[in-house]
Amino acid sequence: MVDVLLGLQWGDEGKGKIVDYFAGKYDVIARFQGGPNAGHTLYIDDKKVVLHTIPSGVFHKNTINLIGNGVVLDPVTFRRECGEVAAFGIDLKQNLFIAERTHIIVPTHRALDKASEAAKGHEKIGSTLKGIGPAYMDKTGRNGLRVGDVLLPDFRERYEKLKAKHQHLLDGYHFNEDISAWEEEFFSAVEFLKTMNIVNGEYFLNEKLQAGKQVLAEGAQGSMLDVDFGTYPFVTSSSTISAGVCTGLGIAPKWIREVIGVTKAYCTRVGSGPFPTELHDATGEKLREIGREFGATTGRPRRCGWIDLVALDYTCMLSGVTQLVMTKSDVLDAFDEVYACTAYEVNGTQTRQMPFQLNGLTVKPIWEKHKGWSDEAAANSKQYNELPAEMKAFVTAVEGYLKVPVKFVSNGPGRDQVLEK
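Below is a summary of the structure that appears in this document. (Residues numbered from 1 in each chain as written. Predicted model: local features only at pLDDT ≥ 70, side-chain atom pairs only at ≥ 80, totals over all residues. Heavy atoms only, no water.)

Turning to its location among the elements, Pro-365 is positioned in strand β18 (residues 363-371). Considered as a pair, Pro-365 and Glu-183 are 182 residues apart in the sequence and their alpha carbons are 48 Å apart. Residues in contact with Pro-365, not counting those within four places in the same chain, are Pro-276, Thr-277, Cys-341 and Ala-343. (Helix = DSSP H or I, 4+ residues; strand = E, 2+ residues; numbered from the N terminus. Contact = heavy atoms within 4.5 Å.)

Mapped onto the elements of the fold, Glu-368 is located in strand β18. Spatially, the C-alpha atom of Glu-368 lies 5.6 Å from that of Tyr-339, the residues being 29 residues apart in sequence. Once residues within four sequence positions are removed from consideration, Glu-368 is found in contact with Val-338, Tyr-339, Ala-340, Thr-342 and Ala-397. Within polar-contact distance, the side chain of Glu-368 engages the side chain of His-370 at 2.9 Å. (Polar contact = N/O pair within 3.5 Å; in protein donor to acceptor, adjacent residues only side chain to side chain.)

On to the environment of Lys-286. When you line up the elements, Lys-286 lands in helix α10 (residues 282-291). Overall, the relative accessible area of 35% leaves Lys-286 in the partly exposed class. Between the C-alpha atom of Lys-286 and that of Gly-305, which follows or precedes it by 19 residues, the distance is 10 Å. Residues in contact with Lys-286, not counting those within four places in the same chain, are Ala-334 and Phe-335. (Buried < 20%, exposed > 50% of the residue type's maximum accessible area, 1.4 Å probe, protein only.)

A separate point is the sheet that holds strand β15 (residues 323-327). Strands pair in a sheet through their backbones, by hydrogen bonds, and they do so in one of two ways: parallel or antiparallel. Spatial ordering of the open sheet is given by β9-β7-β5-β2-β10-β1-β11-β15-β19-β20, a layout of 10 strands whose pairing is mixed. Only two strands of the sheet have a single partner each, and these edge strands are β9 (197-199) and β20 (418-420). If you compare each strand with its neighbour and ignore which way they point, the axes differ by 25° on average. Of the strands in this sheet, β15 and β19 (406-410) are in contact with helix α12 (residues 389-402), which crosses β15 at around 140°. (Pairing = 2+ DSSP bridges. Axes fitted to C-alpha atoms, helices over the stretch in contact; angles between N-to-C directions.)

Attention shifts here to the layout of surface pockets. What the second largest pocket holds in volume is close to 300 Å³. Residue assignment for the lining of the second largest pocket shows that the elements contributing at least two residues are α2 (75-86), α4 (107-119) and α7 (180-193). For the lining of the second largest pocket, the leading source of residues is α2, giving five residues. Within the lining of the second largest pocket, the residues separate by chemical class into four nonpolar, four polar and eight charged. (1 Å grid on protein atoms, 1.4 Å probe; cavity = no way out; pocket = protein on both sides within 12 Å on 5 of 7 lines; lining within 4 Å. Points joined across faces, edges and corners; volume = space filled by probe spheres on them. Nonpolar A, V, L, I, M, F, W, Y, C, P; charged D, E, K, R; others polar.)

In structure tokens form, the structure reads like this:
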């Protein structure tokens, strides 16, 4: 069977650590969407590792990891990441596989991303400039190159044809940067990619399922960045909800069992776009500093605010979430009072539904206040029942609103700092 683990907010919920925590229970960990804009942070032997493309189960020797067809892969980033993982003694030839239908990010995708974002001016969407959007555009436009193509004798010709198409677009943006160094690095990385385990991903995974293997589908970014249901146009270019698992891996819906949603005990967002519960004050800054809220991929400071239960209820509904993991609960140790948004006030009317268009809309959060637990540190708890009573009351309130059980609470960055309820 397949269990799905995905983020329920605007990304950065701590999915990497949680996948790593669960990975030992599964035979296969599979990434089903996104690209190197993902930044899944793990701590291995007290060393920080940020994974961008490789699934977060890679440090478990008996677990197979699959990069699915719904992902877009940058060979340069991928090679660099493989080097970092291999430094821990992991043999990627044994436990990492790549679906041949996975689309490739080429140098001109990165150039188009940079040129397009610059042209938007004050309407920038906050792209990571890694070429993800243009790569997905070529995928849907039926122009893209895929991992399987690198094994063909005419790959260079296919690349040049796509590059010529991109050059016409870049000329329209008056983009004049020399990307020859990018190309040299790209083709060197393609040679490395050709040495990896490239497989027919859909047959590979379905054969595992037919054999009774347990699979964890790992999401990237967050549900509020979904291309259909997120805060459009400030979204990513892929389906970040559970529906994306089937198309991103080539499996049928019948295989999906649990949908595990990950949420912080508060809320963050990187880049532009609406954020109803954002705090533009000392409290928001305090959350950022204590939570070390800086992008794992970009290093950009994250915008911070209290937990948004309206948005969480929406994303739980979209993905059919069956259980929740609450991360970074220990960050709230420092607050005498904590808040949760239970409704939006829009044009004088309260609603618990997500509006069609948050962008440009004046949304007033309706707050529910909870007593803090600053006198007792959640970070020091070794079991769920040791958590401060106020913390457990906060968790119960979240469960009551969402009608989904919180099964795990993460109270620190360490592998062992996950408390099962």
